[in-house]
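These are the residues of each chain, in order.
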Amino acid sequence: MAVAAQPTLRFHHNSAFFPTNPRLFRNPQFYPRPSFAPARIRASSAVAFEPESTTEVRDTSSVDLFACPICYEPLIRKGPSGFNLPAIYRSAFKCRKCNKSYSSKNIYLDLTVTSGTKEYNEFKPVGTELFRSPLVSFVYERGWRQNFNSRGFPGPDEEFNMAQEYFKPAEGGVLVDVSCGSGLFSRKFAKSGGYSRVIALDFSENMLRQCFDFIKNDDAILSSNLALVRADISRLPFSSGSVDAVHAGAALHCWPSPSNAVAEINRILRSGGVFVGTTFLRVTSSTPALLRPFSQNITRNYNYLTEGEIEDLCKSCGFINYTKKVQQSFIMFSAQKP
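Residues numbered from 1 in each chain as written. Predicted model: local features only at pLDDT ≥ 70, side-chain atom pairs only at ≥ 80, totals over all residues. Heavy atoms only, no water.

1. What about the state of the cysteines?
(1) Moving on: The final tally for this structure, using the stated rule, is zero disulfides.
(2) Moving on: Summary of cysteine pairing: C211 is not part of a disulfide, and the nearest cysteine sulfur, belonging to C180, is at 5.4 Å.
(3) Moving on: Judged by relative accessible area, C211 falls into the buried class, the value being 1%.
(4) Moving on: Counting only cysteine sulfurs, C317 is the nearest neighbor of C314, a cysteine outside any disulfide, at a range of 7.2 Å. (Disulfide = S-S within 2.5 Å. Buried < 20%, exposed > 50% of the residue type's maximum accessible area, 1.4 Å probe, protein only.)

Right, dumping it as structure tokens:
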């Protein structure tokens, strides 16, 4: 049931936003396989590791950024030089320690622990599995995200501007947009030109395909320093202290373990790095006391937190300089690694 935003009641839960049976939507027929423009990305197999080959170029610029999600050892890259979608798509990566190889799958680089498995399949909690659905991925920017306005979200453009203010100390550095979904903010960060590299990262294969679908005809983004990476928020494929900024838009409530995720974000950030996130609050200061005991049961499939819980979580994971902006059930928070 849709609930209109009221200034005197800041607690809302719209179950229509969050279907309880995401597996009903996992039919791949809902989502066509992406096609690639030959002039931009060649649909070919991943590059193999051949020590004697003289045609491949090792791109040392990415060796110390992407890391093995198993042992966190920096990956060795084989393929064309450059940090952009076409170059990374044609590259292969290998861990020098555990010897595991990683390659592009369709249009994203799969850096999950389960990458390459043939028999094993892993399902996440409902809040995560829902967004792996082809249907949800398709409608996310075609009506789904727009409904957030009724909960106090100011809209993508304003949210982006707010985040940019927090990210000023990280200008010119590496930005990772975790749980990026269909790349709504990843595209904005890449187009801004304010970062040396932007990584659009999500666990959902279909969200990453949808992200590519939005940018495949945009030469400016295709040639920008942008990569699409599939990864687990609790096992981020980056070396410790290698990232300058992490953005998590409307994501924290979907993470199976927010504490593990925030701790991982702290690990990959360099000293002085900035973490900015937005989410839905479970309750706010204006939520009637009568409703507060029932709020956790109503939202049991998602980790909706209170203002105090989010601040406590960030500080317990080692962040400092915590700050926030709240509007109804919307919160944008920022914290910094010491």
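Next comes the rest of the description.
2. Considering the sheet that holds strand β2 (residues 92–95)
(1) Moving on: Reading across the sheet, the eleven strands line up as β1-β2-β3-β4-β7-β6-β5-β8-β9-β11-β10 and stay open at both edges, with mixed pairing between neighbours. With partners counted over all chains shown, the strands left at the sheet margins are β1 (75–78) and β10 (320–327), one partner each. The sheet shows a mean angle of 20° between the axes of neighbouring strands, direction not considered.
(2) Moving on: Sheet topology note: the strand β5 (residues 174–177)/strand β8 (residues 243–248) ladder contains three bridges and is parallel. In the sheet register, V176 faces β8, and the bridge partner there is V246.
(3) Moving on: Contacts from helix α4 (residues 156–166) reach β8, β9 (269–280), β10 and β11 (330–336) within the one sheet, and its direction differs from that of β11 by about 20°.
(4) Moving on: Along the sheet, helix α10 (residues 307–316) makes contact with β9, β10 and β11, crossing β10 at roughly 160°. (Pairing = 2+ DSSP bridges. Helix = DSSP H or I, 4+ residues; strand = E, 2+ residues; numbered from the N terminus. Axes fitted to C-alpha atoms, helices over the stretch in contact; angles between N-to-C directions. Contact = heavy atoms within 4.5 Å.)

3. Quick look at the packing of aromatic side chains
(1) Moving on: Per the stated rule, a full pass over the model turns up 18 aromatic pairs.
(2) Moving on: On the basis of an interplanar angle of 25° and a centroid distance of 5.8 Å, the ring pair of F66 and F83 is categorised as stacked. Separated by 17 residues along the polypeptide, F66 in the segment before β1 and F83 in the loop between β1 and α1 (85–89) bring together distant segments of the chain.
(3) Moving on: Overall, the relative accessible area of 0% leaves F66 in the buried class.
(4) Moving on: Between F131 and Y140, the aromatic rings sit 6.5 Å apart at their centres with planes inclined by 80°, giving edge-to-face as the arrangement. Like Y140, F131 is buried.
(5) Moving on: Taken together through their ring pairs, the aromatic side chains of F131, Y140, W144, F148, F153, F280, Y304 and F330 make up a single cluster. (Phe/Tyr/Trp six-rings, centres within 6.5 Å; stacked < 30°, edge-to-face > 60°.)

4. Some points on the pattern of salt bridges
(1) Moving on: Inspection of the entire model under this criterion finds 14 salt bridges.
(2) Moving on: Taken together, the shared-partner salt bridges in this structure form one network comprising D110, R132, E205 and R230. (Salt bridge = Lys/Arg side-chain N within 4 Å of Asp/Glu carboxyl O.)

5. Let's talk about the layout of surface pockets
(1) Moving on: When its volume is computed, the largest pocket comes out at roughly 380 Å³.
(2) Moving on: Residue lining of the largest pocket: 21 residues in total, with T114, N121, R132, E205 and R230 positioned closest to the centre.
(3) Moving on: For the lining of the largest pocket, the elements supplying multiple residues, two or more each, are β4 (108–110) and α6 (205–215).
(4) Moving on: Residues belonging to the lining of the largest pocket are distributed by class as follows: four nonpolar, seven polar and ten charged. (1 Å grid on protein atoms, 1.4 Å probe; cavity = no way out; pocket = protein on both sides within 12 Å on 5 of 7 lines; lining within 4 Å. Points joined across faces, edges and corners; volume = space filled by probe spheres on them. Nonpolar A, V, L, I, M, F, W, Y, C, P; charged D, E, K, R; others polar.)

6. Quick look at the nonpolar core
(1) Moving on: Counting 45 residues, the largest nonpolar core has F66, I199, F238, W255 and F275 as the members making the most contacts within it.
(2) Moving on: Per element, the largest residue contribution to this core is four residues, and it comes from helix α8 (residues 258–268).
(3) Moving on: Look past the residues within four positions of F66 in its chain and what remains in contact with it is P74, L75, F83, I88, F93, L109, L111, I199, A227, V229, P237 and F238.
(4) Moving on: If you look at the next biggest cluster of nonpolar residues, it comprises 44 residues, including Y140, I215, I221 and L222. (Core = buried A, V, L, I, M, F, W, Y, C linked by side-chain atoms within 4.5 Å.)

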